[in-house]
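The lines below spell out each chain.
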Amino acid sequence: MERKVRVRFAPSPTGPLHMGGVRTALYNYLFAKKHNGDFILRIEDTDQARFVPGAEEYIIQALKWCGITPNEGVGFGDGGHAPYRQSERKPMYRQYVEQLISSGHAYYAFDSTEELDEMRSRMEKAGSSFAYNAIIRQSMKNSLTLSEDEVQRRLAANENYVVRIQLPRNEEVRVKDIIRGWVVVNTAQMDDKVLFKSDGMPTYHMANVVDDYTMQITHVIRGEEWLPSAPLHVLLYRFLGWESSMPEFAHLPLLLRPDGNGKLSKRDGDRLGFPVFPLNWTDAKTGEQSSGYLERGYFSDAFVNMLALLGWHTSGNREIFNMDELVQEFSLDRVSKSGAKFDPEKAKWFNQQYLRLHSDEELADLFAASLQEKHPGIVNSVSRDFLVTACKLIKEKANFVHEFWEQGSYLFIAPEMYDQEVIKKRLNERSMAFVVAMKDVFLGLAEFTAASTESAFKQVAEAQGIKTGEVMQLFRVCLTGVAGGPALFEMCALLGKAESANRLERALATIKTQ
RNA sequence: GGUCGGUUCGUCUAGGGGUUAGGACAUCUCCCUUUCACGGAGGAAACACGGGUUCGAUUCCCGUACCGACUACCA
């Protein structure tokens, strides 16, 4: 019988979740939804020393913002497998470690950190690398080399110890990866990894396998950095007698830095001029700030869409997918094998696409909210209709809502400065007279629309024997101060008769004295 | 160093034994708009290299190079 698909995202709360982590979560989510399965958020906080306050909350908030919502896990409710924090699951690991020891698949090791370090550096000096393996372990202090009595004595004396897996000396381990096919590693190349630390906590490997098994995880979808330890995990399933319900593995390609080498890391921060985090983050210790996609003005669906396409693609040319469509289309065997360099320019493009997808009304809401922060007076000074129409005019030119203000503040505030180049080029007796005439004609217009202002403009030009091209730019600058912008007469209509005329008059006065 | 993984335009990718190797971002040119943007048209731009297998390889196999990950009582 087919098991119900259950996948998990298992970050450790050692800092904010970066976009690579978000993508891993996303792929897990998409896979789960696609197969009507469960998506679980598990917090892997077995390393007490690296715990960062606030990181867990950040992870939850980030997933929520992205719409990647687990249906089970820390912050998202109990699906019958609580707790979902490994620190709270601590008591359940012990029994499995003991099971491994009694079945001869693990052993106690009493070597101190100092002894290990010394050993390591001595061997490295001699030109060979140190690995606590089937050969080396014979000359170390562990329950394989020490007498039974000695081991019991040390344990009774509460000496520090770890538990290590006991690997076979020379055996091929085969891992089937959905994305990469079979990966074969010989145990001779591996080492007896620590499963249980001296602080009483399991290591990642142990906790991960036990939790995936007990939580009935069917597919482990995680970053490629875990591929080297996948054989170890396979061995753990085998030694624990769980091989028949072992999950399938899929190791995702890494997200690479845009500027060349290395995987995209948390430490990159804003160094390269783009956020690596979904949300802003302030390091409590150093006070260092890192910006997030949310605060930079990205739509979450644009961010998610962009991330989805970094390492996954359909056979067609389509690039715009909302979350439902991603779920529909997603498939692990269309995930690419090679790492993807992240391109900030393309990220902007995605946002632009989503900006267009939003209605003028929605954009007005967003714009109003962003104005409320920086220019609270402005929002209250204009009508809802004005704002909606303004958004309609500006949105074609912007990638982000926050650019609306930079690109269209003149719709709200009459200009103080006028584009000097245009004035130099187009200001003369004739054009000045034209603007003066236009002001009066505007004032006399019964109906003040884009169409009526435009035809008035043309009539005046004709009457004065002037080509529209000669005065169009100057007229625009008089109205808005700048040379570029939305359709001229649409703007006139938006500004209204009085304001338009006022601006023309003011421009005339200002420019003359300049 | 060792192990594992990867390699199609600058970037993300489609494709796949016989193709003018397709799309998108970025870039360039032109058109539209007497503005900017959008849009439209077009240009430049890629199968890492060497050997096999084959009538034929960018596609399959091997090697080399390069890139990356891992190599902690971190995840």
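Residues numbered from 1 in each chain as written. Chains lettered and ligands numbered in written order. Predicted model: local features only at pLDDT ≥ 70, side-chain atom pairs only at ≥ 80, totals over all residues. Heavy atoms only, no water.

Q: Sorry if this is basic, but what is going on with the domain arrangement of chain A here?
A: By a widespread convention, an interface's size corresponds to the accessible area lost as its parts come together. With domains assigned, chain A is organised as domain 1 (89-252), domain 2 (266-357), domain 3 (360-406) and domain 4 (414-514). Spacing between the C-alpha centres of domain 1 and domain 4 amounts to 78 Å. (Domains from an automatic or database assignment.)

Q: Could you clarify how one ought to interpret the protein's contact with RNA strand B in this entry?
A: The full set close to RNA strand B counts 60 residues, and Lys197, Asn261, Glu319, Lys397 and Gly469 are the nearest of them. In this structure, a base nitrogen belonging to RNA strand B sits 3.4 Å away from a main-chain N or O atom of Asp111. With respect to RNA strand B, the backbone of Leu309 contributes an N or O atom lying 3.2 Å from a sugar or linking oxygen. Counting residues per element, the ones that place at least two in the surface near RNA strand B are α4 (113-125), β5 (162-165), β7 (181-186), β14 (340-341), α10 (344-357) and α18 (468-480). Its residues placed into classes, the surface near RNA strand B shows 16 nonpolar, 21 polar and 23 charged. (Near = heavy atom within 4 Å. Polar contact = N/O pair within 3.5 Å; in protein donor to acceptor, adjacent residues only side chain to side chain. Helix = DSSP H or I, 4+ residues; strand = E, 2+ residues; numbered from the N terminus. Nonpolar A, V, L, I, M, F, W, Y, C, P; charged D, E, K, R; others polar.)

Q: How should the layout of surface pockets be read in this particular structure?
A: Over the atoms, a rolling probe the size of a water molecule traces out where space has been left empty. As a volume, the second largest pocket reaches approximately 540 Å³. For the second largest pocket, the lining is made up of 18 residues, of which Gly297, Leu366, Ser370, Val401 and His402 are closest to its centre. Elements represented by at least two residues in the lining of the second largest pocket include exactly α11 (360-374) and α14 (403-408). Tallied by class, the residues present in the lining of the second largest pocket amount to 10 nonpolar, four polar and four charged. When residues of the lining of the second largest pocket are assigned to domains, at least three fall in each of domain 2 (266-357) and domain 3 (360-406). (1 Å grid on protein atoms, 1.4 Å probe; cavity = no way out; pocket = protein on both sides within 12 Å on 5 of 7 lines; lining within 4 Å. Points joined across faces, edges and corners; volume = space filled by probe spheres on them.)

Q: It is not clear to me how the packing of helix α17 (residues 450-463) against helix α19 (residues 488-495) should be interpreted in this structure. Could you clarify?
A: Axis angle and axis distance: for two packed helices, these are the angle between their axes and the distance between the axes, and together they describe the pair. At their nearest, the axes of α17 and α19 sit 8 Å apart, and the two run at 120° to each other. Considering their axes alone, α17 and α19 lie oblique with respect to each other. Note on packing geometry: the crossing formed by α17 with α19 is right-handed. Where α17 abuts α19, its residues Ala450, Thr453, Glu454 and Phe457 lie against Phe489, Glu490, Cys492 and Ala493. When grouped by side-chain class, the residues that make up the contact of α17 with α19 number five nonpolar, one polar and two charged. (Axes fitted to C-alpha atoms, helices over the stretch in contact; angles between N-to-C directions. Parallel < 35°, antiparallel > 145°, perpendicular 65-115°, else oblique. Left-handed = near helix turned anticlockwise from the far one by under 90°. Contact = heavy atoms within 4.5 Å.)

Q: Help me out: how do you make sense of the pairing of β5 in this one?
A: Of the two faces of β5, the one carrying Val162 and Arg164 and the one carrying Val163 and Ile165 are both buried. Where β5 and strand β8 (residues 194-196) come together, two bridges link them in antiparallel fashion. By the bridge assignment for β8, Val163 is matched with Phe196. (Buried < 20%, exposed > 50% of the residue type's maximum accessible area, 1.4 Å probe, protein only. Pairing = 2+ DSSP bridges.)

Q: I would appreciate a short explanation of the nonpolar core in the present structure.
A: Note on soluble globular proteins: their nonpolar side chains tend to be buried together. Ranked by internal contacts, the top residues of the largest apolar core, which has 158 residues, are Met19, Ile68, Phe412, Phe434 and Phe475. Residue contributions to this core peak at nine residues, all from helix α1 (residues 19-34). Filtering out sequence-adjacent residues up to four positions away, Ile68 remains in contact with Val22, Ala25, Leu26, Tyr29, Phe39, Leu63 and Met323. (Core = buried A, V, L, I, M, F, W, Y, C linked by side-chain atoms within 4.5 Å.)

Q: Is there a simple way to think about the sheet that holds β5 in this case?
A: Pairing between sheet strands relies on hydrogen bonds along the backbone, with the strands arranged either parallel or antiparallel. With antiparallel pairing, the three strands of this open sheet are ordered in space as β4-β5-β8. The open sheet has two free edges, formed respectively by β4 (106-109) and β8, since each of these has just one partner strand. Strand-to-strand twist in this sheet, taken as the mean axis angle between neighbours without regard to direction, amounts to 45°.

Q: Looking at this structure, I do not really get helix α6 (residues 204-214). What am I missing?
A: Burial of α6 is extensive: 10 of the 11 residues sit out of reach of the surface. Listed as buried for α6 are Tyr204, His205, Met206, Ala207, Asn208, Val209, Val210, Asp211, Asp212 and Thr214. In this structure, the buried side of α6 is in contact with β1 (6-9), α3 (90-102), β8, β9 (219-223) and α7 (230-239). Gln216, located one to two residues past α6, shows a positive phi value of around 55°.

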